[in-house]
Amino acid sequence: DDINQEVIEQILSSEFRIVRAMNGMEAFAYLDSGKEFPSLMLLDVMMPGLTGFQVVKEIRNKRNLSHSQLPVVMLSARSPQ
């Protein structure tokens, strides 16, 4: 959600340039845009549209980006029940 994104951005923005994509399709559009390639991707497990797992699967399999080319960290705000 917006609050979690703001917190993460505040923590990381002093050292890193942050680009937000609100769903998997926006992330793919950014990767395809030819703009600065990210050093790391943070993904929420539960995003609108595609899940974080589906995004990683496409990045690894269809776009042939290895772990060393584009590291991915999965996050979740969902707490265990």
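Below, the structure is looked at part by part. Every value quoted in this text rests on a predicted model; they were computed, and no experiment measured them. (Residues numbered from 1 in each chain as written. Predicted model: local features only at pLDDT ≥ 70, side-chain atom pairs only at ≥ 80, totals over all residues. Heavy atoms only, no water.)

## Structural notes on the side chain of Arg-60
Its place among the elements puts Arg-60 in helix H3 (residues 52–62). Buried charge without a salt bridge: Arg-60, with Glu-58 as the nearest opposite-charge side chain at an N-O distance of 12 Å. A distance of 2.9 Å separates a polar atom in the side chain of Arg-60 from the backbone oxygen of Leu-65. A polar contact of 2.9 Å, which involves the side chain of Arg-60, links it to the backbone oxygen of Leu-70. When residues no more than four places from it in sequence are discounted, the contact partners of Arg-60 are Leu-65, Ser-66, His-67, Leu-70, Pro-71 and Val-72. (Helix = DSSP H or I, 4+ residues; strand = E, 2+ residues; numbered from the N terminus. Buried < 20%, exposed > 50% of the residue type's maximum accessible area, 1.4 Å probe, protein only. Lys, Arg positive; Asp, Glu negative; His and termini not counted. Salt bridge = Lys/Arg side-chain N within 4 Å of Asp/Glu carboxyl O. Polar contact = N/O pair within 3.5 Å; in protein donor to acceptor, adjacent residues only side chain to side chain. Contact = heavy atoms within 4.5 Å.)

## Some words on the packing of helix H2 (residues 24–32) against H3
Contact geometry of H2 with H3 gives a least axis separation of 10 Å together with a crossing angle of 25°. In terms of axis orientation, H2 runs roughly parallel to H3. Both H2 and H3 take part in a crossing whose hand is right-handed. Within the contact between the two elements, H2 uses Gly-24, Phe-28 and Leu-31 and H3 uses Val-55, Glu-58 and Ile-59. (Axes fitted to C-alpha atoms, helices over the stretch in contact; angles between N-to-C directions. Parallel < 35°, antiparallel > 145°, perpendicular 65-115°, else oblique. Left-handed = near helix turned anticlockwise from the far one by under 90°.)

## A few points about unusual backbone geometry
Trans peptide bonds make up the majority, and among non-glycine residues the majority have a negative phi. You will see that Asn-64, though not glycine, has its phi angle at about 55°, which is positive. With respect to the element layout, Asn-64 can be found in the loop between H3 and strand S2 (72–75). A residue is classified by how much of its surface remains accessible, and Asn-64, at 58% relative accessible area, is exposed.

## Structural notes on the pairing of strand S1 (residues 41–44)
Burial along S1 is one-sided: Met-41 and Leu-43 are buried, and none of Leu-42 and Asp-44, which face the opposite way, are. Sheet topology note: the S1/S2 ladder contains four bridges and is parallel. Bridged to Leu-42 within S2 is Val-73. In this fold, the crossover linking S1 to S2 by way of H3 has right-handed handedness. (Pairing = 2+ DSSP bridges. Right-handed = clockwise from strand over helix to strand, strands pointing away.)

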